[in-house]
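Residue-level listing of the chains:
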Amino acid sequence: MTSDATPTGQTPDDATVLLRVNGALAHATLNRPRAINALDHGMVLAFADALTTWEKDERVSVVLLDGAGERGLCAGGDIRAIRSSAVDGDRQAADFWRDEYHLNAQIARYPKPYVALMDGVVMGGGVGVSAHGGVRVVTERSKVGMPETTIGFVPDVGGTYLLSRAPGETGTHLALTGTPVGAADAVYTGMADHYVPSERLPDLISALSEASTETGVADVIGRFAEIVPAGALESQRPWIDACYTADTAEEIVARLRGHGDPEAAKAADTIEAKSPTSVKTTLAALRRARELATLEEVLEQEYRVSTATLAWPDLVEGIRAQVIDKDRNPKWSPATLEEVGDADVARAFEPAPDGSLGLAEAGAEAGAASSDSDSGGAR
């Protein structure tokens, strides 16, 4: 039976996050289909509150996240609102990120099975609410990526944690180019676990409503999962690893151009079209993330970088070019990689004006606890 998700009553059908409990399954649906379910601040808060409620609800054994409409789970954060905040110089974007990153950490440490259906477009913030979950399902329609360098931003929502831990330098390639990947490469890089054809998702959801334990969830997923079709990244590892191990973004581009593989040359062209400041800062963020032990520590770093981008001309310009005027012709400042100095990059990692998220200490404690137990859910 379907019951109310929160003590305040049933979620209205026009809510931006639909919340309901069906049997053992707590089901959240991001509900802004015209915007491919892009996250705004209210959605983040509503979902975080629902997760807290469901964690304490003895009826709930499994949490499921999906997106309304046919286009995807989530296209990312509401970047129009972020641009407005940068232009106005207010705190709205920083406040949004603060709560969003807390949500990402909450998902990673969720004590009950958390299933994310990564069908269709899953970009930026969509990765944050799915790829940190315990059970991540992709389909033949999945398009998963962190495209932030395209808009003068830097991968966040734990994206630098995930990509810094992908095989070889594949994560560096995806982060600098902003290239989205399909189901096979999402699994290969560690952003997803299982492949289920999209036509089987309704039956999967129905079956999950009857799952009462983590073992039960695994059994259900096992009945629906299929062998994922072949991807591209694993076969491209020779040129990716040879080129992206360079110490600087300039050297990476030079190696890509000199390698001889046509795909490497295309990657060089792509990187040079992105925000130079974003590319260099993203590379530094990935290298630093590899040395950080927990997701929470990486989220703290990402918050420092994200708030720093609000002062960059490239964030406002990149969003203008991609989603406001849609001319796809941003004028980056500085305009080339060579013009972005080490000091410019270093400033992005300085403490955020409003202090830390307070996550790092909790992450260290949770990491220590999970190392002593087989039940830890964090990635």
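Procedures and definitions
Going along each chain's sequence as written, the residues are numbered from 1 onward. Note on the predicted model: pLDDT of at least 70 is required for a residue's local features to be given, and 80 or more for side-chain atom pairs to be given and counted; whole-chain, interface and lining totals, by contrast, use all residues. To get the side-chain values, all heavy atoms of the structure are used, and hydrogens and water are removed first. Classification of residues uses two cut-offs on accessible area relative to the type maximum, computed with a 1.4 Å probe and protein chains only: under 20% is buried, over 50% is exposed, and between them is partly exposed. Put simply, DSSP marks the helices as runs of H or I at least four residues long and the strands as runs of E at least two long, and each gets a number from the N terminus on. Any two strands with at least two DSSP-identified bridges between them are counted as paired. The salt bridge definition used is simple: a Lys or Arg side-chain nitrogen within 4 Å of an Asp or Glu carboxyl oxygen. The pocket and cavity definitions rest on a 1 Å grid over protein atoms only: a 1.4 Å probe that fits but cannot leave marks a cavity, an open set with protein on both sides within 12 Å along at least five of seven lines marks a pocket, and residues lining either have an atom within 4 Å of a point. Grid points are joined across faces, edges and corners, and a volume is the space filled by probe spheres set on the points. Residues are grouped as follows: Ala, Val, Leu, Ile, Met, Phe, Trp, Tyr, Cys and Pro are nonpolar; Asp, Glu, Lys and Arg are charged; all remaining types, including Gly, are polar. Every helix has an expected span of 1.5 Å times one less than the residues it contains.

> So what exactly am I meant to see when it comes to the pairing of strand β8 (residues 135–138) here?
Residues Val135 and Val137 of β8 are buried on one face, and the alternating residues Arg136 and Val138, pointing to the opposite face, are buried as well. Here four bridges tie strand β6 (residues 114–118) to β8, and the two strands are oriented parallel to one another. For Met118, the partnering residue across the bridge sits in β8 and is Val138. Both β8 and strand β10 (residues 194–195) contribute to a ladder of two bridges, which runs parallel. Residue pairing for β10: Val137 is matched across the bridge by His194.

> Just to check I follow, could you spell out unusual backbone geometry for this structure?
Residues apart from glycine generally show negative phi values, whereas peptide bonds are mostly found in trans. Across the junction of Ser333 and Pro334, the peptide omega takes the value 0°, indicating a cis bond. Relative to the assigned elements, Pro334 resides in the loop between α15 (313–324) and α16 (342–347). Of note in the backbone geometry, Lys326 takes a positive phi value of approximately 60° without being a glycine. Among the secondary structure elements, Lys326 is positioned in the loop between α15 and α16. The exposure class assigned to Lys326 is exposed, which follows from its relative accessible area of 52%. In the Ramachandran plot, Arg328 falls in the positive-phi region, its phi being about 55° despite a non-glycine side chain. Take Arg328: its relative accessible area is 48%, and that puts it in the partly exposed class.

> Where do I start with the pattern of salt bridges in this structure?
Oppositely charged side chains are able to pair whenever their charged atoms sit close together. If you walk through the whole model with that rule in mind, you get 21 salt bridges. With a closest N to O distance of 3.8 Å, Glu226 and Arg200 form a salt bridge. Note that Glu226 is positioned in the loop between α9 (214–224) and α10 (233–244) and Arg200 in the loop between β10 and α8 (201–208), a separation of 26 residues in sequence. Lys280 serves as the salt-bridge partner of Glu250, at 2.6 Å between the closest nitrogen and oxygen.

> Any chance you could explain the layout of surface pockets here in plain terms?
Empty pockets left among the atoms are what a rolling probe the size of a water molecule brings to light. Reported here for the largest pocket is a volume of approximately 940 Å³. Around the largest pocket, the lining is made up of 34 residues, and of these Ala75, Gly76, Gly77, Ile79 and Val323 lie nearest the centre. Looking at the lining of the largest pocket, the elements with two or more residues in it are α2 (79–88), α3 (92–108), β7 (121–123) and α15. Its residues placed into classes, the lining of the largest pocket shows 16 nonpolar, seven polar and eleven charged.

> When you look at α3 in this model, what are you seeing that I'm missing?
Residues lying three or four places apart along an α-helix face the same way, a consequence of the helix completing one turn every 3.6 residues. Look at α3: 25 Å from first C-alpha to last across 17 residues, which is about the 24 Å you get at 1.5 Å a residue. The element α3 is largely enclosed, with a buried count of 13 among its 17 residues.

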